[in-house]
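# Examination of the molecular architecture
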Amino acid sequence: MSPSLLSVEDCRVSYGAVTALNGVSLQLAPGEAVGIVGPLSAGKTTLLNTISGLVAPQRGVLRYRDRDLRGVPADARARQGIVHVPADGGFFATLTVAENLALAGPARRSRDAFTPVTQLFPVLGERLEQRAGSLSGGEQRQLAIARGALAEPSLLLLDEPLLGLSPKTVQRVLALLSALREQSVAMLVVEERPTEDLTRLVDRVVGIRNGRIVPAEDVAGTRVAVGAAAGSLDRVDVETIGIPLSTRDRRALQTIAQAAGEPVGAVVAHIIHEHVESSKEVWQ
């Protein structure tokens, strides 16, 4: 068996009275890609935040390249090759696209170094002088993933990298991640469900539910109940949705669309239609 690149042993993280991780253990070999799936609030993001150093566990041991990570701050972990692409952010909103890409990695890069990512994500090449904060949500995701790829990771932590992206952009992201895999970059890829795209990318998939590692099959059949008691099923409550969409709103809409078997645009159209019809009733 290959030696572990990353070892997480009996990790526990709590936020006050809420336990986010409850005895999580996970091993990752060099160059291995593992998918982590689970419902909302299962502990997926907390696990990535703990590995990257954004959250300190109350119990447990994390080892990277056989070195204890306790007391190692997030920036030092990044310099050691642990690169985290969060679900929301991962870029400097006030800097331009070019400045964000130049600052990715251990040394400032010339624009020639952007070519691999701008070829895959042409919109970034077209918007090099545009402030990152003014990009659309999907463009910001592309920028964050491109920065992660340029940072020369040994371990890449990806929190829902495909969330809110068009099918064509999803394929471009998968092409970039597959290229990194050929360079023996290890990955932890978080998604809500074990989709075909995820299973093609990774070597294995594990589940997480209520802060514990479980077989992926235990979360594979998850369904979503909207606006009704769901028992043991996940529930999404649709509240006021603002424009531009937040990560929470995009995730909720994507989850509802997957459960309904419809495109996200069709779900939004239904919501708008129902709102218009209900407004007519009020004014009549």
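Every value quoted in this text rests on a predicted model; they were computed, and no experiment measured them.

Moving on, we come to the pattern of salt bridges. Evaluation of the coordinates by the stated rule reveals 11 salt bridges. Between Arg127 and Glu139 there is a salt bridge whose closest N-O contact spans 3.4 Å. With Arg127 in the loop between α5 (122-126) and α6 (137-150) and Glu139 in helix α6, this pair connects stretches of sequence that are 12 residues apart. Among the residues examined, Arg127 registers a relative accessible area of 25% and is labelled partly exposed.

Helix α1 (residues 44-52) sits mainly inside the fold: eight of its nine residues count as buried. For α1, the set of buried residues is Lys44, Thr46, Leu47, Leu48, Asn49, Thr50, Ile51 and Ser52. Following α1 by one or two positions, Gly53 adopts a phi angle in the positive range, close to 95°.

It is worth spelling out unusual backbone geometry at this point. With a phi angle near 55°, Arg65 is a residue other than glycine that sits in the positive phi range. Tracing the chain through its elements places Arg65 in the loop between β4 (59-64) and β5 (67-68).

Moving on to the sheet that holds β4. Judged by pairing direction, the sheet is antiparallel, and its four strands sit side by side in the order β2-β1-β4-β5 without closing on themselves. Edge positions in the open sheet fall to β2 (18-28) and β5, since each of these has one partner strand only. One ladder, built from two bridges, connects β4 with β5; its direction is antiparallel. Paired with Arg63 across the bridge in β5 is Asp68.

By the secondary structure assignment, Leu28 is in strand β2. Leu28 gets classed as buried once you look at its relative accessible area, which sits at 1%. If near-sequence neighbours (up to four positions away) are discounted, Leu28 is found in contact with Ser4, Leu5, Leu6, Val34, Leu155, Ala186, Met187 and Leu188.

Formed by 44 residues in total, the largest nonpolar core has its most connected members in Leu101, Leu143, Leu156, Leu177 and Met187. Non-local contacts of Leu101, meaning those with residues more than four positions away in its chain, are made with Arg109, Phe114, Leu128, Leu143, Ala146, Arg147 and Leu150. Among the nonpolar cores identified, the runner-up in size contains 27 residues, and Leu6, Val13, Leu28 and Val34 belong to it.

Let's shift gears to the packing of α6 against helix α7 (residues 167-182). Running from N to C, α6 and α7 point in directions that differ by 10°, and their axes come no closer than 11 Å. The angle between the axes of α6 and α7 places the two elements in the roughly parallel class. In this structure, α6 contributes Gln142, Ile145 and Ala149 to the contact, and α7 contributes Thr169, Val173, Leu176 and Leu180. Among the residues making up the contact of α6 with α7, the classes are represented as five nonpolar, two polar and no charged.

With respect to the helices, strands and loops of the structure, Thr118 is situated in helix α4 (residues 115-120). The exposure class of Thr118 is buried, given its relative accessible area of 18%.

Attention now goes to the sheet that holds strand β10 (residues 212-215). Strand order in the open sheet made by the six strands is β6-β7-β8-β3-β9-β10, with mixed pairing throughout. Two strands bound the open sheet, and with one partner strand each, they are β6 (82-85) and β10. Adjacent strand axes in the sheet meet at a mean angle of 25°, parallel and antiparallel pairs treated alike. One ladder, built from four bridges, connects strand β3 (residues 33-37) with strand β9 (residues 204-209); its direction is parallel. When the bridges of β9 are listed, Val34 appears paired with Arg204. The sheet strands contacting α6 are β6 and β7 (155-159), and the helix crosses β6 at an angle near 175°.

Conventions and cut-offs
- Residues numbered from 1 in each chain as written.
- Predicted model: local features only at pLDDT ≥ 70, side-chain atom pairs only at ≥ 80, totals over all residues.
- Heavy atoms only, no water.
- Salt bridge = Lys/Arg side-chain N within 4 Å of Asp/Glu carboxyl O.
- Helix = DSSP H or I, 4+ residues; strand = E, 2+ residues; numbered from the N terminus.
- Buried < 20%, exposed > 50% of the residue type's maximum accessible area, 1.4 Å probe, protein only.
- Pairing = 2+ DSSP bridges.
- Contact = heavy atoms within 4.5 Å.
- Core = buried A, V, L, I, M, F, W, Y, C linked by side-chain atoms within 4.5 Å.
- Axes fitted to C-alpha atoms, helices over the stretch in contact; angles between N-to-C directions.
- Parallel < 35°, antiparallel > 145°, perpendicular 65-115°, else oblique.
- Nonpolar A, V, L, I, M, F, W, Y, C, P; charged D, E, K, R; others polar.

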